[in-house]
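Here's the letter readout for the chains.
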Amino acid sequence: MLIDRAVIEVRSGNGGNGAISFLREKNMPKGGPDGGNGGRGGSVYLVAKGSVNTLLAYRHSRLLAANDGEKGDKKMRYGHNAEDIYCDVPVGTVVYEEKDNKFLADLSHEGDVVCVAKGGRGGRGNAAYKSSRLKAPKIAENGFPGERKRVILELKLLADAGLIGFPSVGKSTLLNIVSKANVPTADYPFTTLTPNLGVVTLEDGVHQFVLADMPGLIEGAHEGKGLGITFLRHIERCRVLVHMVCMDGERDPVEDYRIINDELKDYGAKLELRPQIVVATKMDADGAMVRKAAFDKAIGIESIGISALTDEGVALLMKKTYELITKTPLFPLKGVEEEEVIGGLKVYDAHLDKKEEPFVVLRPSEHVFVLTGEEITKKYGLINLSTDAGVTQLISYLQRLGVDEALKVKGAVNGDTVRLCDFEFEYLE
């Protein structure tokens, strides 16, 4: 079974907390801080493997979680780093973040690796805070939190050219003729339920390319009708599209040609801009030559006529397909924007890199204020509040950020409650 899409949750490990400890030895009366650092949390990696050809393993195993790093200990003992997790995915897997459909990686080569969740760094023990001004620090750092996110895995088959068209136009039959693929064929629509790949070797016995047989498209495929939306993504990797139109007289070839091109356009990956070779199939049928001539005149392109029964035009089609592949560059995948380059230099947008405010003051009720913001909450999570020195460190940090002034502007008065995550304190001017 070809499972070509999966949504999984990945969770990296938190860093271990730093230790607060002081050396107490018989022959060292003054001692000193000896709290060790915490260990690094485990990261989650995805690795492209040619031996894996489906995302079936992630259909039910939807959580990939790494362990947390161990906490530091006395006598400068560092916590152990947690082991990273490496998960195998098929070559051709594209990774997106589900939250905003952000592109993360395209694992299109054997051995490609991407970190989808980075483990948190271990917190520093109090020994790391020792300085000439602070001889006996009673503060330590909590471990950095790991990442937790939901990611989308989409398998997009690696093919140089793709066979597209309505059901029963002869796509699978052609693939069987030109390669060693053994795709089931029958005289009814949708006999192909999954994409199939075949390696085509030209008559010279040297040059080769990969050809994909896509399940038949119908009108409305980009909206989920038929099997189209499930497999349109596989066409994205194809440099050349071989558009097959049947000439047996059962359907209007001009209308079929128009509908398929409209579906490619509506899918949204600029598939309509891919080079196409138009193929007139079943040329052994009665009246096929007349219909082909009318078809070519209507679309303004000379199609290549082939017959699976007599092998007419098949060798010519494969030769022209290979020649077009060698002239066509790779296209970006859907959702992956090309970098803007001017004069050989990458152009950055300063507005996209604009730093957010470190905190925001909310006022849910008259005498209650809440501090929120990514930077301030992240810093709060790193401060060890188990000692008075840790609380003092937090208060000093808030003062440096200008929290007191911001609360005053918001109308805070003596005695009002200020909350930061699960920490509360009383506002005093």
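Everything quoted here is computed from the prediction, not taken from an experiment.

Novice: What is the right way to read the overall build of the chain from this model?
Specialist: For the chain, the count of helices and strands is 8 helices and 22 strands. In the chain, which comprises 429 residues, the proportion classed as buried is 44%. Contacts in the chain between residues at least 24 apart in sequence constitute 70% of all its contacts with a sequence separation of at least 6. In the structure as shown, the chain presents an accessible area of about 23500 Å², 50% of it carried by carbon and sulfur atoms.

Novice: Would you take a moment to explain the sheet that holds strand S6 (residues 85-90) for this structure?
Specialist: Strand pairing within a sheet occurs via backbone hydrogen bonds; the two strands may be parallel or antiparallel. As summarised here, the arrangement of the 3 strands in space is S6-S4-S9, forming an open sheet in which the pairing is mixed. At either margin of the open sheet sits one strand with a lone partner, and together these are S6 and strand S9 (113-117). Strand-to-strand twist across the sheet, computed as the mean angle between neighbouring axes with direction ignored, equals 30 degrees. When strand S4 (residues 44-49) meets S6, the two strands line up parallel, connected through 6 bridges. If you follow Val44 over to S6, its bridge partner there is Ile85.

Novice: When you look at the sheet that holds strand S7 (residues 93-97) in this model, what are you seeing that I'm missing?
Specialist: Read from one edge to the other, the open sheet built from 5 strands follows the order S5-S1-S10-S7-S8, with strand pairing classed as mixed. The sheet is open, and its two edges are formed by strand S5 (63-65) and strand S8 (102-107), each paired on a single side. The sheet shows a mean angle of 25 degrees between the axes of neighbouring strands, direction not considered.

Novice: Teacher, can you tell me more about the environment of Asn17 here?
Specialist: Its place among the elements puts Asn17 in the loop between strand S1 (5-11) and strand S2 (22-25). Between the C-alpha atom of Asn17 and that of Gly39, which follows or precedes it by 22 residues, the distance is 7.8 Å. Those residues within four positions of Asn17 in sequence are excluded, and the remaining contacts are Gly38, Lys71, Gly72, Gly123, Glu141, Asn142 and Gly143. A polar atom in the side chain of Asn17 sits 2.9 Å from the backbone nitrogen of Gly143.

Novice: I'm lost on the packing of helix H3 (residues 253-267) against helix H4 (residues 288-299) in this one. Help?
Specialist: When two helices pack together, their arrangement is given by the angle between the helix axes and by the axis-to-axis distance. Interaxial distance between H3 and H4 falls to 9 Å at its minimum, and their mutual angle equals 45 degrees. Between H3 and H4, the angle falls in the class oblique. With respect to the hand of their crossing, H3 and H4 are arranged in right-handed fashion. Along its contact with H3, which presents Pro253, Val254 and Tyr257, the element H4 presents Phe295, Ala298 and Ile299. Of the residues belonging to the contact of H3 with H4, the class tally is 6 nonpolar, no polar and no charged.

Novice: Teacher, can you tell me more about the packing of aromatic side chains here?
Specialist: Ring pairs (aromatic) are described by centroid distance and by the angle formed between their planes. Taken as a whole and judged by the stated rule, the model has 6 aromatic pairs. Arranged with centres 6.4 Å apart and planes meeting at 45 degrees, the rings of Tyr380 and Phe423 form a pair that is tilted. Of the two residues, Tyr380 sits in helix H6 (residues 374-382) while Phe423 sits in strand S22 (residues 423-426), which places them 43 residues apart along the sequence. Judged on exposure class, the residue Tyr380 and its partner Phe423 are both buried. Site record: aromatic cluster; members linked through ring pairs are Tyr380, Phe423 and Phe425. Its end group placed over the ring of Phe166, Arg251 keeps NZ or CZ at 4.3 Å from the ring centre. Here the guanidinium or amino end of Lys379 rests over the ring plane of Tyr397, the centre of that ring lying 5.8 Å away.

Novice: What's the story with the pairing of strand S20 (residues 368-372) in this structure? I'm lost.
Specialist: Regular strands show a simple pattern: their side chains alternate between the two faces of the sheet. Pairing of strand S19 (residues 360-365) with S20 involves 4 bridges; the strand directions are antiparallel. Bridge pairing links Ser365 to Val368 in S20. Hairpin connection of S19 to S20: 2 residues between the antiparallel strands. Of the strand pairs in this sheet, S20 and strand S21 (residues 417-420) are connected by 4 bridges, and their pairing is parallel. Bridging across to S21, Phe369 finds its partner in Val418.

Novice: Whenever I open this one, the pairing of S22 confuses me. Can you help?
Specialist: Burial along S22 is one-sided: Phe423 and Phe425 are buried, and none of Glu424 and Glu426, which face the opposite way, are. From the end of S21 to the start of S22, which pair antiparallel, there are 2 residues, and Cys421 there has a positive phi angle of about 55 degrees.

Novice: Just to check I follow, could you spell out the side chain of Thr93 for this structure?
Specialist: Residue position: Thr93 is located in strand S7. Polar contacts involving the side chain of Thr93 include one to the main-chain carbonyl oxygen of Pro90, which spans 2.7 Å. Aside from chain neighbours lying at most four places away, what touches Thr93 is Leu55, Ala105, Asp106, Leu107, Leu153, Glu154, Leu155 and Arg237.

Novice: Quick question: what am I supposed to make of unusual backbone geometry here?
Specialist: Trans peptide bonds make up the majority, and among non-glycine residues the majority have a negative phi. One non-glycine residue, Ser168, adopts positive backbone phi at about 65 degrees. Within the fold, Ser168 resides in the loop between strand S11 (161-164) and helix H1 (171-178). On the basis of relative accessible area, Ser168 is assigned to the partly exposed category, the value being 34%. One non-glycine residue, Lys282, lies in positive phi territory at about 55 degrees. The topology assignment puts Lys282 in the loop between strand S15 (276-281) and H4.

Novice: What exactly am I supposed to notice about H6 here?
Specialist: Given 3.6 residues to a turn, an α-helix orients residues that are three or four positions apart in the same direction. Buried residues of H6: Ile376, Tyr380 and Leu382, and no others. The buried residues of H6 all sit within an arc of 160 degrees when viewed along its axis, so they share a single face.

What counts and what doesn't
- Residues numbered from 1 in each chain as written.
- Predicted model: local features only at pLDDT ≥ 70, side-chain atom pairs only at ≥ 80, totals over all residues.
- Heavy atoms only, no water.
- Helix = DSSP H or I, 4+ residues; strand = E, 2+ residues; numbered from the N terminus.
- Buried < 20%, exposed > 50% of the residue type's maximum accessible area, 1.4 Å probe, protein only.
- Contact = heavy atoms within 4.5 Å.
- Areas by Shrake-Rupley, 256 points an atom, 1.4 Å probe, with all protein chains shown as cover.
- Pairing = 2+ DSSP bridges.
- Axes fitted to C-alpha atoms, helices over the stretch in contact; angles between N-to-C directions.
- Polar contact = N/O pair within 3.5 Å; in protein donor to acceptor, adjacent residues only side chain to side chain.
- Parallel < 35°, antiparallel > 145°, perpendicular 65-115°, else oblique.
- Left-handed = near helix turned anticlockwise from the far one by under 90°.
- Nonpolar A, V, L, I, M, F, W, Y, C, P; charged D, E, K, R; others polar.
- Phe/Tyr/Trp six-rings, centres within 6.5 Å; stacked < 30°, edge-to-face > 60°.
- Lys NZ or Arg CZ within 6 Å of the ring centre and 35° of its normal.
- Arc of directions from axis to C-beta.

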